[in-house]
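For reference, the chains in residue letters:
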Amino acid sequence: MSTSSSIVRELLRDRLALFGLVVVALFFFVAIFAPALAPHDPMEVLKHPETGKAAILQPPSRYFPFGTTNMARDVLSQVIYGSRIALLVGFTAAFVVTFIGANVGLIAGFYGGWVDTILMRIVDIAYAIPFVPFAILLIALLRPSIVYLIMIVGLLMWRAPARVIRAQVLSLVQRPYVKAARVTGASNLRIMYVHLMPNILPIVLLYIPLSVGWAIMAEASVSFLGFGDPRMVSWGGMLQSAFATGAMRVAWWWTLAPGIAIVLIVISVYFINRAFEPIASPSIRKE
Amino acid sequence: MKGYRGFLLRRVLFGLFTIWVIITLVFVLFRVTPGDPTVFMVDSTFDPAVREEILHKFGLDKPLWQQYLIYIGNLLKGDMGRSFVSHRPVAEELGGVLPNTIILAFTSFILAYVLGVLLGAFLAAKRGQWQDSLGISLVLFFRSAPTFWIGMILLMIFSFKLGWFPSGRIRSLGYVTTGGLDKYLNLDFLHHLILPTVVAGLYLVALPVMLTRNTLLEVLKEDYIELARAKGLPGRTILLKHGVRNAILPVVTAAAVYIGLAIAGMAEIEVVFSWPGVGQAIVLAVRSHDYPVAQGAFLLLAIMVSVMSLVADLAYAYLDPRISYD
């Protein structure tokens, strides 16, 4: 298809987007092969190979490239394992967000009238709910778990793609080809998913990297505030430990590493998102 | 009803409706979740007489629909129950910390907007050049970095290492204020305000920068800009007088929504800087299962977001003569 090849071309031409793609691919590689790449188990209490004592708060050295935590755990191994939860939450939640957003936008824009009014007022209400307070409140009522976290992100963040896609669909249904399809007796479902969906796909694609970024950020924030999944090592959870134990006063390595990992992956998806923008709205091309 | 007044009325009614939906949502959430619903209003450490009194006051001994009416009635009176921890009324507890959140949100918002509009105009003028790419990358960096992480880094450098700024709280231990405005209008408070403001400001700066830059790029394509160029006006005059003035509207109207989001988004920064605000209150409350405070703080934040978005819509309709109200 011409759109998909032009998307690929656009991504490769944009140097920042290329950087983003490489970083995301690298993190996927790290996440998949975490057990092979990590020098230690992320939760293992380690001994310093020279002194034989527990390796508590060791600065980066050849034994521990990213240093160790106050529990004598290897920071590098934790960062490596943390990429799993970040990518899992990021991409699963992004799928939920864009799936709900695209369908709500499509239905609201296509049917118009009271269907549109009701759906868009729900979007307005969703916009009034502050994310982090809502997430920690719900997680406190349920229990810390990444499944719940993905659901909460999905439940709230679809508001942004829904609003934009609906606006796009509103202008698309006025096009001659939609009227032609109607005249030939195409069903509503067929018009929506066969004729309109391919035309809103570029905008849908725009929201995938964006929602990956939101979801990773959301997971990091919720974990930092102490409501992360206790069974898994996450970057936000690492920062929470460094902060709550007061170890950040000395252990800069423990604070720096997970934060840089978060910034790298989130800025990468934003770079990819920026490269999609000219594809989604051709009027700002060549800016 | 048509015209601006009709629009105003409809928008205010919808704002109230939004708040009602959120209030109801919170009621439902606290009751559909598993467990004894009374644990959310009555702490097990309360003595039986107090327990009975609160159960009765919030109608937790009555059917659900009556509980709902009592809940709404109490909220209208500003009664959100008592904190499990301090045993003080929730309204009093939150009222005490609300100014801290608002001050922090407003100062960081102003920092972000002043810096953002200037930087956005600069980037638009330099579009496609290295300054533009560098500026966008920097702005995106601060958008991608968790605020609590930037906060920790600044604390490590400027507080622990250099000792220039306090590591948290809103005033030094032992600092005595005479109350009233003097609580905030003093150098000690200002000194505590700087680091959290910078962190929040850097995070918030992305929107005004990108909005100003992109709107300005659109505006610069207009015919009157072409005309100004043809007249031989200097580039700076065109950019500021013809460009920025016409590009400023969406930037200004986005501001109200943004203040709302800033107020609601301070939780992590407040936690890092031990800043006693509504965001910190909700985090501490949820951690200690102090449900009345958690619920009250959440409602307070949601209401502020709704009110600011209402203000934004009204301002937009008022300021933009091209918009129709129907």
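Now for a look at the structure at hand. This one's a predicted model, so the numbers in the text were calculated from it and none came from an experiment. All chains use their own residue numbering, which begins from 1 and follows the written sequence. Whichever chain is written first is A, and whichever ligand is written first is 1; the rest continue in order. Since the coordinates come from a predicted model, pLDDT governs what is reported: local features require at least 70, and pairs of side-chain atoms require 80 or more to be given and counted, while whole-chain, interface and lining totals use all residues. Heavy atoms throughout the structure, all of them, feed into the side-chain values; hydrogens and water do not.

Here we look at the overall build of chain B
- Secondary structure is summarised from DSSP: a helix means a run of H or I of at least four residues, a strand means a run of E of at least two, and numbering begins at the N terminus for each. When helices and strands are counted, chain B shows 13 helices and zero strands.
- Ordering the α and β elements of chain B from the N terminus gives α-α-α-α-α-α-α-α-α-α-α-α-α.
- Here's how the labels work: a residue is buried when its accessible area is under 20% of the maximum for its type, exposed when over 50%, partly exposed in between, all with a 1.4 Å probe on protein chains only. Classification of the 326 residues of chain B by burial places 50% in the buried group.
- Of the contacts made within chain B by residues no fewer than 6 positions apart, 70% connect residues no fewer than 24 positions apart.
- Surface exposure of chain B reaches about 15,900 Å², of which carbon and sulfur atoms provide 67%. In what follows, residue pairs with any heavy atoms lying within 4.5 Å of each other are defined as contacts. Note on areas: these come from Shrake-Rupley sampling with a 1.4 Å probe, and a residue is covered only by the protein chains present in the view.

Topic: the overall build of chain A
- If you tally the helices and strands in chain A, you get 12 helices and zero strands.
- When its helices and strands are written in sequence order, chain A yields α-α-α-α-α-α-α-α-α-α-α-α.
- By its C-alpha atoms, chain A is 80 × 45 × 30 Å across when sized along the principal axes.
- Within chain A, the fraction of its 287 residues that count as buried is 53%.
- For chain A, the exposed area adds up to about 12,700 Å²; of that, 67% sits on carbon and sulfur atoms.

Re the pattern of salt bridges
All names here are of chain A.
- For this analysis, a salt bridge means a side-chain nitrogen from Lys or Arg found within 4 Å of a carboxyl oxygen belonging to Asp or Glu. Evaluation of the coordinates by the stated rule reveals seven salt bridges over all chains.
- Across the pair Asp116 and Arg166 runs a salt bridge whose closest N-O atoms are separated by 2.8 Å. Linking Asp116 in helix α5 (residues 113–127) with Arg166 in helix α8 (residues 159–172), this pair joins segments that are 50 residues apart in sequence.
- Note that Arg121 and Asp124 form a salt bridge whose closest N and O atoms lie 2.9 Å from each other. Residue Arg121 and its partner Asp124 are located together in helix α5, separated by three residues, close to a single helical turn.

Describing the packing of aromatic side chains
- Put simply, two rings from Phe, Tyr or Trp (the six-membered ring, in Trp's case) pair if the centres are within 6.5 Å, and we call them stacked under 30 degrees between planes, edge-to-face over 60, tilted for the rest. Tallying each qualifying case throughout the model produces 20 aromatic pairs over all chains.
- Measuring from centroid to centroid gives 5.1 Å for A:Phe110 and A:Tyr111, while their planes differ by 90°, and the two rings are edge-to-face.
- According to the relative accessible area criterion, A:Phe110 is buried, its value standing at 8%.
- With centroids separated by 6.4 Å and ring planes inclined at 55°, the aromatic side chains of A:Tyr207 and A:Trp214 adopt a geometry described as tilted.
- A residue is classified by how much of its surface remains accessible, and A:Tyr207, at 10% relative accessible area, is buried.
- Each residue in the set A:Phe224, A:Phe243 and B:Phe148 is aromatic and connected to the rest through ring pairs, giving one cluster.
- Both a distance and an angle decide whether a charge sits over a ring: NZ of Lys or CZ of Arg must be within 6 Å of the ring centre and within 35 degrees of the ring normal. Taking the ring centre of B:Phe14 as reference, the NZ or CZ of A:Arg121 above it sits at 5.4 Å.
- Over the ring of B:Tyr203 we find B:Arg143, and its NZ or CZ is 4.3 Å from the ring centre.

Topic: the nonpolar core
- By size, the foremost hydrophobic cluster in this structure holds 167 residues, and its most contacted members are A:Phe131, A:Leu196, A:Trp235 and B:Tyr71.
- By residue number, the principal contributor to this core is helix α10 (residues 188–224) of chain A, which donates 18 residues.
- When residues of this core are assigned to domains, at least three fall in each of domain 1 (2–90) and domain 2 (98–276) of chain B.
- The residues touching A:Trp235, leaving out its near neighbours within four places in the chain, are A:Phe27, A:Gln78, A:Val79, A:Gly82, A:Ser83, A:Ala86, A:Pro258, A:Ala261, A:Ile262 and A:Ile265. Side-chain atoms within 4.5 Å link the members of a nonpolar core, which is a set of buried Ala, Val, Leu, Ile, Met, Phe, Trp, Tyr and Cys residues. Domains are outlined according to an automatic or database domain assignment.

Considerations on the side chain of B:Ser108
- Relative to the helices and strands, B:Ser108 resides in helix α4 (residues 90–125).
- Residues in contact with B:Ser108, not counting those within four places in the same chain, are B:Thr197, B:Ala200, B:Gly201, B:Leu204 and B:Met266.

Details of the packing of helix α1 (residues 3–32) of chain B against helix α3 (residues 64–76) of chain B
All names here are of chain B.
- At a closest axis distance of 11 Å, the pairing of α1 and α3 adopts a crossing angle of 130°. Viewed along their axes, α1 and α3 adopt a mutual orientation that is oblique. Relative to α3, the crossing made by α1 is right-handed. Along its contact with α1, which presents Trp20, Ile23, Thr24, Val26, Phe27 and Arg31, the element α3 presents Leu64, Gln67, Tyr68, Tyr71, Ile72 and Leu75.
- Only Asp, Glu, Lys and Arg are considered charged, only Ala, Val, Leu, Ile, Met, Phe, Trp, Tyr, Cys and Pro nonpolar, and every remaining residue, Gly among them, polar. Class assignment of the residues belonging to the contact of α1 with α3 gives a composition of nine nonpolar, two polar and one charged. Lines are fitted to the C-alpha atoms to define the axes, a helix being fitted only along its stretch in contact, and any angle between axes, read from their N-to-C directions, falls within 0 to 180 degrees. Put simply, angles under 35 degrees are roughly parallel, angles over 145 are roughly antiparallel, angles from 65 to 115 are roughly perpendicular, and the rest are oblique. Crossing handedness: left-handed means the near helix sits turned counterclockwise from the far one by under a right angle, and right-handed means the same turn made clockwise.

Re the interface of chain A and chain B
- Every contact between the two is made by 43 residues of chain A and, on the other side, 49 residues of chain B.
- Carbon and sulfur atoms supply 82% of the area buried between chain A and chain B, which totals about 4,100 Å² over both sides.
- Where chain A touches chain B, the interface holds zero salt bridges.
- Here a polar contact is taken to be a pair of N or O atoms separated by no more than 3.5 Å, where protein atoms must pair a possible hydrogen donor with a possible acceptor and residues adjacent in sequence count only if both atoms sit in side chains. Summed over the shared surface of chain A and chain B, the result is four residue pairs in polar contact (both at pLDDT 80 or more).
- Mapped by element, the contributors of at least two residues to the side of chain A that touches chain B are α5, α6 (131–141), α10, α11 (235–244) and α12 (252–280) of chain A.
- Ranked by the residues each element gives to the side of chain A that touches chain B, the list is headed by α12(A), at 12 residues.
- Here the side of chain A that touches chain B is composed, by residue class, of 34 nonpolar, four polar and five charged. Two parts placed together each lose some accessible area under a 1.4 Å probe, and adding up what both lose gives the buried area.

Focus: α5(A)
- The end-to-end C-alpha distance of α5(A), which contains 15 residues, comes to 21 Å, matching closely the 21 Å that a straight helix rising 1.5 Å per residue would cover.
- Of all the positions in α5(A), only A:Asp116, A:Leu119, A:Met120, A:Val123, A:Ile125 and A:Ala126 are classed as buried.
- Summarising the contacts, the buried residues of α5(A) are in contact with α4 (75–111), α7 (146–157) and α8 of chain A together with α1 of chain B. Multiply 1.5 Å by the residue count of a helix minus one, and that product is the helix's expected span.

Things to note about α3(B)
Residue and element names in this part refer to chain B.
- Look at α3: 18 Å from first C-alpha to last across 13 residues, which is about the 18 Å you get at 1.5 Å a residue.
- The set of residues buried in α3 consists of Gln67, Tyr68, Tyr71, Ile72, Asn74 and Leu75. For α3, the buried positions fall inside an angular range of 165° around the axis, keeping them on one side. Exposed and oriented more than 90 degrees from the buried face of α3 are Trp65, Leu69 and Leu76. By arc we mean the arc of the directions from the helix axis to the C-beta atoms, nothing more.

Some thoughts on the environment of B:Asp188
Residue and element names in this part refer to chain B.
- Along the chain, the position of Asp188 falls in helix α7 (residues 187–204).
- Given the relative accessible area of 12%, Asp188 is considered buried.
- Spatially, the C-alpha atom of Asp188 lies 46 Å from that of Pro234, the residues being 46 residues apart in sequence.

Section: the environment of A:Ile152
Residues and elements named next belong to chain A.
- Relative to the helices and strands, Ile152 is located in helix α7.
- By relative accessible area, which is 3% here, Ile152 ends up buried.
- When the C-alpha atoms of Ile152 and Val132 are compared, they prove to be 10.0 Å apart, with 20 residues separating the residues in sequence.
- Dropping the residues within four chain positions of it, Ile152 is found in contact with Phe131, Phe134, Ala135, Leu138 and Ile139.

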